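Topology and contacts: notes
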Amino acid sequence: MAKSALFSVSNQEPCPQCGAPLVIRTGKRGPFLGCSHYPECDYVRSLKSQADGHIVKVLEGQLCPLCQSVLVLRQGRFGMFIGCSQYPECAHTETIDKPDDTAITCPQCKQGTLVQRRSRYGKTFHSCDRYPECQFVINFKPVAGECPTCHYPLLIEKKTAQGVKCFCASKQCGKPVTAEKNSE
């Protein structure tokens, strides 16, 4: 359907503010109902269900550190998260998948450690915890060790057809590291 056609689709429902008919419009977050007398009347209403941020489960015995209310498991736009049951009065939230610290020193800056992160598309990667000062990133699981060929201080773990193998994390080298050399 053309974008201009969406502006002409009438819902035959009156605007609660001015009484003009509501029309379906699109924005960066998808379609919504808006008043046909915009910009004089700025009434809008979402067409999506109100399930965004809905409570999935009450976590009995876990209290909010800010207001001491019960914490709940919620389903939001970006997945599951833990939040306060008194939302919107209390806006405390926690992530379920906390990034695990690998305790492996960053080979680029040699000050930070590598932590697991998740991209906006859901892919897992590891990067330096000193970002944005250090922008080291790898897409595979880091393994402590040194490449016997180029002496790069980090190895990565890749799944191959022959099983899980370790490789040099340096983009210039990238050679496989055998188990005997890795254990030294």
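You'll find the structure just up there.
This write-up is about the structure you can find in this document. Predicted, not measured: the structure shown is a model, and the values here were computed from it.

1. Let's talk about the overall build of the protein
A tally of helices and strands in the protein yields two helices and 16 strands. Here the protein, with 184 residues, has 28% of them falling under the buried criterion. Long-range contacts, defined as pairs at least 24 residues apart, comprise 14% of the intrachain contacts of the protein with a sequence gap of at least 6.

2. A look at the sheet that holds strand β8 (residues 93–95)
The four strands are arranged β5-β6-β7-β8 in an open sheet whose pairing can be described as antiparallel. With partners counted over all chains shown, the strands left at the sheet margins are β5 (54–63) and β8, one partner each. Within this sheet the neighbouring strands show an average axis-to-axis angle of 30°, counted without direction. As defined by bridge partners, strand β7 (residues 79–84) adjoins β8 across three bridges and the pair is classed as antiparallel.

3. What about the packing of aromatic side chains?
One pass over the structure, following the stated rule, counts zero aromatic pairs. Lys158 extends its terminal NZ or CZ atom over the ring of Phe167, reaching a point 5.0 Å from the ring centre.

4. With respect to the environment of Lys57
Along the chain, Lys57 falls in strand β5. Along the backbone, Lys57 and Val72 are 15 residues apart, and their C-alpha atoms lie at a distance of 5.8 Å. Dropping the residues within four chain positions of it, Lys57 is found in contact with Val72 and Leu73.

5. Quick notes on the sheet that holds strand β15 (residues 163–168)
The antiparallel open sheet is built from four strands, whose spatial order is β13-β14-β15-β16. Of all the strands in the sheet, the pair left with one neighbour each is β13 (141–144) and β16 (176–177). Note: β13 against strand β14 (residues 154–160), four bridges, orientation antiparallel. Residue pairing in the sheet places Lys141 in a bridge with Glu157 of β14.

6. Things to note about a nonpolar patch on the surface
Among the surface-exposed residues, Val56, Met80 and Ile96 lie close enough to one another that they form a single nonpolar patch of about 240 Å² accessible area. Tracing the sequence through the fold places Met80 in strand β7. Note on Met80: relative accessible area 38%, which makes it partly exposed.

7. As for the pattern of salt bridges
Applying the stated criterion to the full structure yields one salt bridge. With a shortest N-O distance of 3.0 Å, Arg45 and Glu13 are connected by a salt bridge. Within this pair, whereas Arg45 is found in strand β4 (residues 44–46), its partner Glu13 is found in strand β1 (residues 10–14), the two being separated by 32 residues in sequence. The class for Arg45 is partly exposed, based on a relative accessible area of 31%.

8. Some words on the side chain of Arg74
Structurally, the position occupied by Arg74 is in strand β6 (residues 70–76). A distance of 3.2 Å separates the side chain of Arg74 from the backbone oxygen of Cys84, its partner in a polar contact.

The rules behind the values
Residues numbered from 1 in each chain as written. Predicted model: local features only at pLDDT ≥ 70, side-chain atom pairs only at ≥ 80, totals over all residues. Heavy atoms only, no water. Helix = DSSP H or I, 4+ residues; strand = E, 2+ residues; numbered from the N terminus. Buried < 20%, exposed > 50% of the residue type's maximum accessible area, 1.4 Å probe, protein only. Contact = heavy atoms within 4.5 Å. Pairing = 2+ DSSP bridges. Axes fitted to C-alpha atoms, helices over the stretch in contact; angles between N-to-C directions. Phe/Tyr/Trp six-rings, centres within 6.5 Å; stacked < 30°, edge-to-face > 60°. Lys NZ or Arg CZ within 6 Å of the ring centre and 35° of its normal. Patch = residues over 30% accessible without salt bridge, like charges linked within 9 Å, V, L, I, M, F, W, Y side chains within 5 Å. Areas by Shrake-Rupley, 256 points an atom, 1.4 Å probe, with all protein chains shown as cover. Salt bridge = Lys/Arg side-chain N within 4 Å of Asp/Glu carboxyl O. Polar contact = N/O pair within 3.5 Å; in protein donor to acceptor, adjacent residues only side chain to side chain.

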